[in-house]
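# Summary of the model geometry
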Amino acid sequence: MIHLTVTSVFVDDQSKALDFYTGLLGFVPKNDIPLGGDDRWLTVVSPAAPDGVELLLEPSSHPAVGPYKAALVEDGIPAASFGVDDLAAEYERLTALGVRFVQPPTDMGPVIVATLDDTCGNLIQLAQHQG
Amino acid sequence: MAADIYKALADATRRAILDELQERDGQSLFELCTRLTMRHGLGSTRQAVSQHLDVLQEAGLVTVRREGRYKFHHLDTGPLREITARWPAPDQGES
(Lines give C-alpha, C1' and ligand atoms only; values in the text may rest on other atoms or scores of the structure.)
Protein backbone atom coordinates (compact mmCIF):
# COMPACT_ATOMS: atom_id res chain seq x y z
CA MET A 1 0.00 0.00 0.00
CA ILE A 2 1.23 3.47 -0.75
CA HIS A 3 1.20 6.16 1.95
CA LEU A 4 1.31 9.92 1.97
CA THR A 5 4.26 10.73 4.24
CA VAL A 6 5.69 14.08 3.19
CA THR A 7 4.25 17.04 1.34
CA SER A 8 6.00 20.35 0.86
CA VAL A 9 5.81 24.09 0.42
CA PHE A 10 8.66 26.20 -0.95
CA VAL A 11 9.60 28.80 1.65
CA ASP A 12 11.73 31.92 1.12
CA ASP A 13 13.54 31.50 4.43
CA GLN A 14 13.54 28.23 6.37
CA SER A 15 14.18 29.73 9.81
CA LYS A 16 11.45 32.30 9.37
CA ALA A 17 9.15 29.58 8.03
CA LEU A 18 9.81 27.36 11.05
CA ASP A 19 8.81 30.24 13.33
CA PHE A 20 5.65 30.91 11.36
CA TYR A 21 4.51 27.32 10.93
CA THR A 22 5.22 26.34 14.55
CA GLY A 23 4.89 29.59 16.51
CA LEU A 24 1.82 30.91 14.73
CA LEU A 25 0.07 28.11 12.84
CA GLY A 26 0.69 25.58 15.62
CA PHE A 27 2.61 22.76 13.92
CA VAL A 28 5.45 21.09 15.85
CA PRO A 29 9.00 20.45 14.60
CA LYS A 30 9.72 16.91 13.39
CA ASN A 31 12.97 16.65 11.43
CA ASP A 32 15.76 19.18 11.04
CA ILE A 33 18.67 17.70 9.12
CA PRO A 34 21.46 19.83 7.60
CA LEU A 35 21.83 19.50 3.83
CA GLY A 36 24.29 21.24 1.52
CA GLY A 37 25.01 24.90 2.20
CA ASP A 38 22.42 26.52 4.43
CA ASP A 39 19.65 24.17 3.32
CA ARG A 40 17.92 21.90 5.80
CA TRP A 41 15.56 18.93 5.54
CA LEU A 42 13.06 20.71 7.74
CA THR A 43 9.70 19.16 8.49
CA VAL A 44 6.82 19.88 10.84
CA VAL A 45 3.79 17.83 11.85
CA SER A 46 0.40 18.44 13.39
CA PRO A 47 0.38 18.02 17.18
CA ALA A 48 -2.71 15.86 16.60
CA ALA A 49 -0.67 13.41 14.47
CA PRO A 50 3.02 13.45 15.47
CA ASP A 51 3.64 10.36 13.32
CA GLY A 52 1.39 11.54 10.51
CA VAL A 53 2.10 13.40 7.28
CA GLU A 54 5.10 15.70 7.50
CA LEU A 55 5.11 19.12 5.92
CA LEU A 56 8.50 19.83 4.37
CA LEU A 57 9.51 23.50 4.49
CA GLU A 58 11.54 23.33 1.33
CA PRO A 59 14.19 25.87 0.26
CA SER A 60 13.25 28.15 -2.65
CA SER A 61 16.74 28.42 -4.14
CA HIS A 62 15.96 26.80 -7.51
CA PRO A 63 15.50 29.60 -10.10
CA ALA A 64 12.13 28.24 -11.22
CA VAL A 65 10.62 28.55 -7.75
CA GLY A 66 10.46 32.36 -7.56
CA PRO A 67 8.40 32.91 -10.73
CA TYR A 68 6.21 29.91 -9.86
CA LYS A 69 5.38 31.25 -6.41
CA ALA A 70 4.88 34.82 -7.64
CA ALA A 71 2.41 33.67 -10.30
CA LEU A 72 0.40 31.62 -7.79
CA VAL A 73 0.25 34.45 -5.25
CA GLU A 74 -0.79 37.00 -7.86
CA ASP A 75 -3.84 34.92 -8.74
CA GLY A 76 -4.54 34.03 -5.11
CA ILE A 77 -3.83 30.31 -5.46
CA PRO A 78 -2.84 28.56 -2.21
CA ALA A 79 0.33 26.46 -2.17
CA ALA A 80 -1.24 24.13 0.39
CA SER A 81 -4.48 23.59 2.27
CA PHE A 82 -4.71 22.59 5.94
CA GLY A 83 -7.70 21.39 7.91
CA VAL A 84 -8.95 23.09 11.07
CA ASP A 85 -11.80 22.17 13.43
CA ASP A 86 -13.04 25.73 13.99
CA LEU A 87 -12.08 28.14 11.26
CA ALA A 88 -13.78 31.17 12.83
CA ALA A 89 -11.75 30.66 16.01
CA GLU A 90 -8.50 30.17 14.07
CA TYR A 91 -9.20 33.28 12.03
CA GLU A 92 -9.70 35.33 15.20
CA ARG A 93 -6.63 33.87 16.86
CA LEU A 94 -4.29 34.30 13.88
CA THR A 95 -5.58 37.76 12.96
CA ALA A 96 -4.90 38.89 16.55
CA LEU A 97 -1.34 37.60 16.14
CA GLY A 98 -0.91 39.78 13.05
CA VAL A 99 -1.36 37.15 10.36
CA ARG A 100 -2.56 38.62 7.07
CA PHE A 101 -5.61 36.96 5.50
CA VAL A 102 -6.32 37.72 1.85
CA GLN A 103 -9.66 35.91 2.14
CA PRO A 104 -11.67 35.83 5.38
CA PRO A 105 -13.67 32.68 6.23
CA THR A 106 -16.06 32.11 3.34
CA ASP A 107 -18.86 29.54 3.20
CA MET A 108 -18.42 27.43 0.06
CA GLY A 109 -21.09 24.84 0.85
CA PRO A 110 -19.41 21.63 2.03
CA VAL A 111 -16.45 23.60 3.28
CA ILE A 112 -15.60 26.94 4.86
CA VAL A 113 -12.27 28.30 3.63
CA ALA A 114 -9.96 31.19 4.34
CA THR A 115 -6.59 32.11 2.84
CA LEU A 116 -3.60 33.56 4.66
CA ASP A 117 -0.10 34.73 3.75
CA ASP A 118 2.65 32.59 5.31
CA THR A 119 5.18 35.50 5.01
CA CYS A 120 7.49 33.08 3.17
CA GLY A 121 6.09 33.63 -0.31
CA ASN A 122 2.99 31.46 -0.15
CA LEU A 123 -0.72 31.66 0.33
CA ILE A 124 -2.11 28.93 2.59
CA GLN A 125 -5.72 27.86 2.68
CA LEU A 126 -7.41 26.79 5.91
CA ALA A 127 -10.47 24.60 5.48
CA GLN A 128 -13.17 23.45 7.84
CA HIS A 129 -15.40 20.68 6.49
CA GLN A 130 -19.05 21.03 7.41
CA GLY A 131 -21.63 18.36 8.21
CA MET B 1 -17.41 52.71 -23.09
CA ALA B 2 -21.21 52.79 -22.92
CA ALA B 3 -21.58 50.12 -25.58
CA ASP B 4 -19.43 47.75 -23.60
CA ILE B 5 -21.72 47.75 -20.55
CA TYR B 6 -24.45 45.88 -22.38
CA LYS B 7 -22.09 43.31 -23.81
CA ALA B 8 -20.47 42.87 -20.41
CA LEU B 9 -23.81 42.25 -18.71
CA ALA B 10 -25.10 39.91 -21.39
CA ASP B 11 -23.53 36.82 -19.87
CA ALA B 12 -24.66 34.83 -16.83
CA THR B 13 -21.15 34.07 -15.64
CA ARG B 14 -20.15 37.75 -15.76
CA ARG B 15 -23.29 38.68 -13.85
CA ALA B 16 -22.42 36.04 -11.24
CA ILE B 17 -18.93 37.56 -10.94
CA LEU B 18 -20.52 40.96 -10.24
CA ASP B 19 -22.84 39.34 -7.66
CA GLU B 20 -19.89 37.79 -5.84
CA LEU B 21 -17.91 41.04 -5.88
CA GLN B 22 -21.00 42.82 -4.57
CA GLU B 23 -21.00 40.40 -1.63
CA ARG B 24 -17.27 40.80 -0.97
CA ASP B 25 -15.27 43.39 -2.83
CA GLY B 26 -11.58 42.85 -3.56
CA GLN B 27 -11.16 39.20 -4.50
CA SER B 28 -8.36 37.24 -6.10
CA LEU B 29 -8.92 35.29 -9.28
CA PHE B 30 -8.76 32.07 -7.25
CA GLU B 31 -11.46 33.19 -4.82
CA LEU B 32 -13.75 34.21 -7.66
CA CYS B 33 -13.22 30.87 -9.42
CA THR B 34 -13.97 29.00 -6.19
CA ARG B 35 -17.16 30.97 -5.59
CA LEU B 36 -18.37 30.44 -9.16
CA THR B 37 -17.79 26.70 -8.88
CA MET B 38 -19.07 26.10 -5.36
CA ARG B 39 -21.97 28.54 -5.26
CA HIS B 40 -23.13 28.80 -8.86
CA GLY B 41 -22.16 25.41 -10.24
CA LEU B 42 -20.24 27.21 -12.99
CA GLY B 43 -17.31 25.03 -13.92
CA SER B 44 -15.51 27.73 -15.88
CA THR B 45 -11.76 27.34 -16.27
CA ARG B 46 -9.48 29.89 -14.70
CA GLN B 47 -8.62 31.14 -18.19
CA ALA B 48 -12.31 31.61 -19.01
CA VAL B 49 -12.95 33.52 -15.78
CA SER B 50 -9.90 35.65 -16.49
CA GLN B 51 -11.30 36.50 -19.92
CA HIS B 52 -14.67 37.38 -18.40
CA LEU B 53 -12.86 39.71 -16.00
CA ASP B 54 -11.11 41.36 -18.96
CA VAL B 55 -14.50 42.11 -20.54
CA LEU B 56 -15.81 43.52 -17.24
CA GLN B 57 -12.67 45.61 -16.90
CA GLU B 58 -13.04 47.02 -20.41
CA ALA B 59 -16.59 48.04 -19.49
CA GLY B 60 -15.28 49.75 -16.36
CA LEU B 61 -17.36 47.49 -14.11
CA VAL B 62 -14.33 45.80 -12.55
CA THR B 63 -11.06 47.41 -11.57
CA VAL B 64 -7.85 45.61 -10.68
CA ARG B 65 -5.81 46.69 -7.69
CA ARG B 66 -2.28 45.44 -7.18
CA GLU B 67 -1.16 45.36 -3.60
CA GLY B 68 2.35 44.03 -3.18
CA ARG B 69 2.34 40.60 -4.75
CA TYR B 70 -1.44 40.29 -4.67
CA LYS B 71 -3.94 41.20 -7.36
CA PHE B 72 -7.49 41.98 -6.27
CA HIS B 73 -10.64 42.63 -8.31
CA HIS B 74 -13.06 45.34 -7.30
CA LEU B 75 -16.61 46.16 -8.36
CA ASP B 76 -17.38 49.58 -9.83
CA THR B 77 -21.07 50.09 -10.49
CA GLY B 78 -20.49 53.66 -11.71
CA PRO B 79 -20.90 52.83 -15.41
CA LEU B 80 -24.39 51.40 -14.70
CA ARG B 81 -25.67 54.95 -14.19
CA GLU B 82 -25.68 55.14 -17.97
CA ILE B 83 -28.59 52.69 -17.99
CA THR B 84 -30.90 54.48 -15.55
CA ALA B 85 -29.90 57.85 -16.95
CA ARG B 86 -31.09 56.68 -20.35
CA TRP B 87 -34.18 54.77 -19.13
CA PRO B 88 -35.09 56.08 -15.67
CA ALA B 89 -36.97 53.63 -13.43
CA PRO B 90 -40.39 54.89 -12.20
CA ASP B 91 -39.31 55.41 -8.59
CA GLN B 92 -36.32 57.49 -9.56
CA GLY B 93 -38.01 59.68 -12.15
CA GLU B 94 -36.67 63.05 -13.17
CA SER B 95 -37.41 65.90 -10.80
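All residue numbers here refer to positions counted from 1 along the written sequence of the relevant chain. Chain letters and ligand numbers both follow the written order, the letters beginning at A and the numbers at 1. Selection of residues for local features in this predicted model requires a pLDDT of at least 70, selection of side-chain atom pairs for listing and counting requires 80 or more, and totals for whole chains, interfaces and linings are taken over all residues. By convention in this description, side-chain values take in all heavy atoms of the structure and omit both hydrogens and water.

## Describing the overall build of chain A
Which entries qualify depends on this criterion: A run of DSSP states H or I qualifies as a helix once it reaches four residues; a run of E qualifies as a strand once it reaches two. Both are numbered from the N-terminal end. For this measure, only C-alpha atoms enter the radius of gyration; the expected value for a globule follows 2.2 Å times N^0.38, where N is the number of residues.
Of the regular secondary structure elements, chain A holds three helices and eight strands. Listing every helix and strand of chain A by position from the N terminus yields β-α-β-β-β-α-β-α-β-β-β. The C-alpha radius of gyration computed for chain A amounts to 15 Å, which stays within 12% of the reference 14 Å derived for 131 residues, consistent with globular compactness. By its C-alpha atoms, chain A is 45 × 35 × 35 Å across when sized along the principal axes.

## Thoughts on the sheet that holds strand S1 (residues 6-11) of chain A
Residues and elements named next belong to chain A. So the rule is basically this: Paired strands, in this sense, are two strands between which DSSP finds at least two bridges. Only the contacting stretch of a helix is used when fitting its axis, a line to C-alpha atoms as for every element, and angles between N-to-C directions run 0 to 180 degrees.
The sheet built from four strands is open, its strands ordered S1-S4-S3-S2 with mixed pairing. Each edge of the open sheet carries a strand with a single partner, namely S1 and strand S2 (28-34). Neighbour-to-neighbour, the strand axes of this sheet turn through a mean angle of 25 degrees, independent of strand direction. Of the strand pairs in this sheet, S1 and strand S4 (residues 54-59) are connected by six bridges, and their pairing is parallel. Considered in S4, the bridge of Ser8 is made with Leu56.

## Topic: the domain arrangement of chain A
All names here are of chain A. Definition in use: Start and end positions for the domains come from either an automated domain assignment or a database one. The criterion used for residue contact is that any of the two residues' heavy atoms lie within 4.5 Å. The term buried area means the drop in 1.4 Å probe accessible area that two parts suffer when joined, counted for both and summed. For salt bridges, the criterion is a side-chain nitrogen of Lys or Arg within 4 Å of an Asp or Glu carboxyl oxygen.
With domains assigned, chain A is organised as domain 1 (1-60) and domain 2 (72-131). Spacing between the C-alpha centres of domain 1 and domain 2 amounts to 19 Å. Each partner contributes to the interface: domain 1 provides 13 residues, whereas domain 2 provides 15 residues. Interface area for domain 1 against domain 2, summed over the two sides, is near 1100 Å², with a carbon-plus-sulfur share of 67%. Of all residues in domain 1, Phe20, Leu24 and Leu25 bury the most surface against domain 2, accounting for 45% of the area lost on that side. Connecting domain 1 to domain 2 are zero salt bridges.

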